[in-house]
Amino acid sequence: MTIAAAIEGETIVTDALIIGAGPCGLFAVFELGLLDIKAHLVDILPKVGGQCAELYPEKPIYDIPGFPLVTGQGLVDNLMEQIKPFGATFHLNQMIEQIEVLGSAEAPRFRLRTDAGTVFETKTVLIAAGGGSFLPKKPPIPGIEAYEGRSDGGGVHYAVRKMETFRDREILIVGGGDSALDWTLNLQPIAKRVTLMHRRDDFRAAPHSVEQMRALVASGAMDLRLGQVMGLKGEGNELHGAICRDNAGTEFEIACGTMLPFFGLTMKLGPIADWGLNLHENLIPADTEKFETNVPGIFAIGDINTYPGKLKLILSGFHEAALAAQKVHRYVYPEKRLTFQYTTSSSALQKKLGVA
Ligand SMILES: Cc1cc2nc3c(=O)[nH]c(=O)nc-3n(C[C@H](O)[C@H](O)[C@H](O)COP(=O)(O)OP(=O)(O)OC[C@H]3O[C@@H](n4cnc5c(N)ncnc54)[C@H](O)[C@@H]3O)c2cc1C
């Protein structure tokens, strides 16, 4: 998988830009690839797989055609294997914030910008953004916003975009799930000191992560405190410490320059709401012939779209990706006629798949 770093100011020119690397965005790479259309994908999450990878990686799915049982992560791994021949480039940890229409209805072109400053110019856009952006649930701590948004690793952060920014910092990690435990274990070796705080001595994270964390606590390499953060202390946006309360009601303070609360994710539509796509109840209306929106050249596939009879199933999104790709081809190669071919019998398709 090719993962591109965010490059401020440079424009990436492509035929198709896919917003969202969930199962439907990933399968779109396959359908576009069969038609010689190279794609870039952008996802706000640090990993591919959308809901399958983020919300239920270990749960079995029983209604993927041809797979009596596959886990959420298993499906994502298979999709990644299936799209390997097409060399898509992934831009993770970035959210598409803006779309600007540059071309005409017959020859569309778009400029898109991520919150990390990456700019794309593309002939077509496939929105496969599911329920929208996964946003962190924020703890109800008064004044917490004042400490958000620092780029040097100080203050409050809800995601770890780059571990290095947290080197040598005094970090308080709050939460008891996989994210809290994973980042505790990953940051502990490079931080000045890590303290993990959770409401109770019972963790929802993978047992082996909990064991590793307890071993670090036992060896004195980090601290574990039980309780809740009630307030923050600092100057301007510089965090100095957290005021906490244990379950018996006793207040205590933890010195820290960085706090990382991991309280789970919620899905919000985010910037898509402002892109002029005639939203209907937070979904993008699309036709059922090519899954194009009201803006020629912008397609909507998977959970984000709506049309009469829509079922929010992965298999529906796969079908939508296949039909959208046909119309994308007409925009990308207006002079070429598209002939229908099977992968089983077309040596041209098999060549593209690297099997002939
Ligand atoms: C617990 C659970 C169980 C399920 N079980 C089944 C099942 O058994 N069978 C089934 O068919 N379906 C099931 N589903 C539904 C299935 O997961 C969804 O239909 C599927 O994930 C939709 O895929 P998608 O690619 O459209 O969107 P998603 O999987 O939601 O992926 C969308 C991606 O877009 C990204 N994104 C959003 N906005 C932006 C932006 N502005 N910029 C960059 N990236 C953005 C998000 O970060 C996300 O990664 C289940 C869902 C849940 C929650």
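Residues numbered from 1 in each chain as written. Predicted model: local features only at pLDDT ≥ 70, side-chain atom pairs only at ≥ 80, totals over all residues. Heavy atoms only, no water.

## Describing the packing of aromatic side chains
Phase 1 of the analysis: Taken as a whole and judged by the stated rule, the model has six aromatic pairs.
Phase 2 of the analysis: Consider the rings of Phe 27 and Phe 30, whose centres lie 5.5 Å apart with planes at 15 degrees: the pair is stacked. On the criterion of helical spacing, the pair formed by Phe 27 and Phe 30 is a turn pair, its members being three residues apart in helix H1 (residues 23-34). Both residues of the pair, Phe 27 and Phe 30, count as buried.
Phase 3 of the analysis: Each ring, one from Phe 340 and one from Tyr 342, has its centre 5.2 Å from the other, and the planes form 80 degrees; the classification is edge-to-face. The burial state of Phe 340 is the same as that of Tyr 342; both residues are exposed.
Phase 4 of the analysis: Among the aromatic side chains, those forming a connected cluster through ring pairs are Phe 27, Phe 30, Phe 86 and Phe 318.
Phase 5 of the analysis: The ring of Tyr 333 carries the charged tip of Lys 336 above its face, separated from the ring centre by 4.0 Å. (Phe/Tyr/Trp six-rings, centres within 6.5 Å; stacked < 30°, edge-to-face > 60°. Helix = DSSP H or I, 4+ residues; strand = E, 2+ residues; numbered from the N terminus. Buried < 20%, exposed > 50% of the residue type's maximum accessible area, 1.4 Å probe, protein only. Lys NZ or Arg CZ within 6 Å of the ring centre and 35° of its normal.)

## Points about the site of the ligand
Phase 1 of the analysis: Taken together, 32 residues sit near the ligand, with Asp 43, Gln 51, Tyr 56, Asp 303 and Ile 314 positioned nearest.
Phase 2 of the analysis: A distance of 3.0 Å separates an oxygen atom of the ligand from a polar atom in the backbone of Cys 24.
Phase 3 of the analysis: Here Asp 303 contributes a side-chain N or O atom positioned 2.8 Å from an oxygen atom of the ligand.
Phase 4 of the analysis: Protein contacts shield 87% of the accessible area of the ligand, which totals 1000 Å² for the unbound molecule.
Phase 5 of the analysis: For the shell around the ligand, the secondary-structure elements that each account for two or more residues are H1, helix H2 (50-54) and strand E10 (133-136).
Phase 6 of the analysis: Take the shell around the ligand: its biggest share by element is three residues, from H1.
Phase 7 of the analysis: For the shell around the ligand, a count of residues per class yields 17 nonpolar, eleven polar and four charged. (Near = heavy atom within 4 Å. Polar contact = N/O pair within 3.5 Å; in protein donor to acceptor, adjacent residues only side chain to side chain. Areas by Shrake-Rupley, 256 points an atom, 1.4 Å probe, with all protein chains shown as cover. Nonpolar A, V, L, I, M, F, W, Y, C, P; charged D, E, K, R; others polar.)

## Remarks on H1
Phase 1 of the analysis: Taking 1.5 Å as the rise per residue, H1 with twelve residues should run 16 Å; its terminal C-alpha atoms sit 17 Å apart, in good agreement.
Phase 2 of the analysis: H1 sits mainly inside the fold: twelve of its twelve residues count as buried.
Phase 3 of the analysis: Considered for burial, the residues of H1 that qualify are Pro 23, Cys 24, Gly 25, Leu 26, Phe 27, Ala 28, Val 29, Phe 30, Glu 31, Leu 32, Gly 33 and Leu 34. (Expected span 1.5 Å × (residues − 1).)

## Details of the environment of Thr 293
Phase 1 of the analysis: Relative to the helices and strands, Thr 293 resides in the loop between strand E20 (284-285) and strand E21 (298-300).
Phase 2 of the analysis: Sequence separation between Thr 293 and Leu 126 is 167 residues, and the spatial gap between their C-alpha atoms is 9.7 Å.
Phase 3 of the analysis: When residues no more than four places from it in sequence are discounted, the contact partners of Thr 293 are Leu 277, Ile 284, Pro 285, Ile 298, Phe 299 and Ala 300.
Phase 4 of the analysis: Among the polar contacts listed, one links the side chain of Thr 293 to the backbone nitrogen of Val 295, at a separation of 3.1 Å. (Contact = heavy atoms within 4.5 Å.)

## Re the side chain of Thr 184
Phase 1 of the analysis: For Thr 184, the position within the fold is in helix H4 (residues 178-187).
Phase 2 of the analysis: The buried category is assigned to Thr 184, whose relative accessible area is 0%.
Phase 3 of the analysis: Apart from residues lying up to four places away in sequence, Thr 184 is in contact with Ile 173, Val 194, Leu 196, Met 213 and Met 222.

## Concerning the sheet that holds strand E16 (residues 238-245)
Phase 1 of the analysis: The strand order across the open sheet built from three strands is E15-E16-E17, with neighbouring strands paired in antiparallel fashion. Looking at the sheet topology across the chains shown, the edges are occupied by strand E15 (228-235) and strand E17 (251-255). If you compare each strand with its neighbour and ignore which way they point, the axes differ by 25 degrees on average.
Phase 2 of the analysis: Here E16 runs beside E17; their pairing, made up of five bridges, is antiparallel. Across the sheet, Ala 242 pairs through a bridge with Ile 254, a residue of E17. (Pairing = 2+ DSSP bridges. Axes fitted to C-alpha atoms, helices over the stretch in contact; angles between N-to-C directions.)

## Examining the packing of H1 against helix H6 (residues 314-332)
Phase 1 of the analysis: Direction vectors running N to C along H1 and H6 enclose 40 degrees, while the axes themselves pass 8 Å from each other. For the pair H1 and H6, the crossing hand works out as right-handed. Residue-level contacts link Pro 23, Cys 24, Phe 27, Ala 28, Glu 31 and Leu 32 of H1 to Ile 314, Gly 317, Phe 318, Ala 321, Ala 322, Ala 325 and Val 328 of H6.
Phase 2 of the analysis: Residue classes in the contact of H1 with H6 are distributed as eleven nonpolar, one polar and one charged. (Left-handed = near helix turned anticlockwise from the far one by under 90°.)

Note that every value here comes from positions in space, so none of it alone points to a role or purpose.
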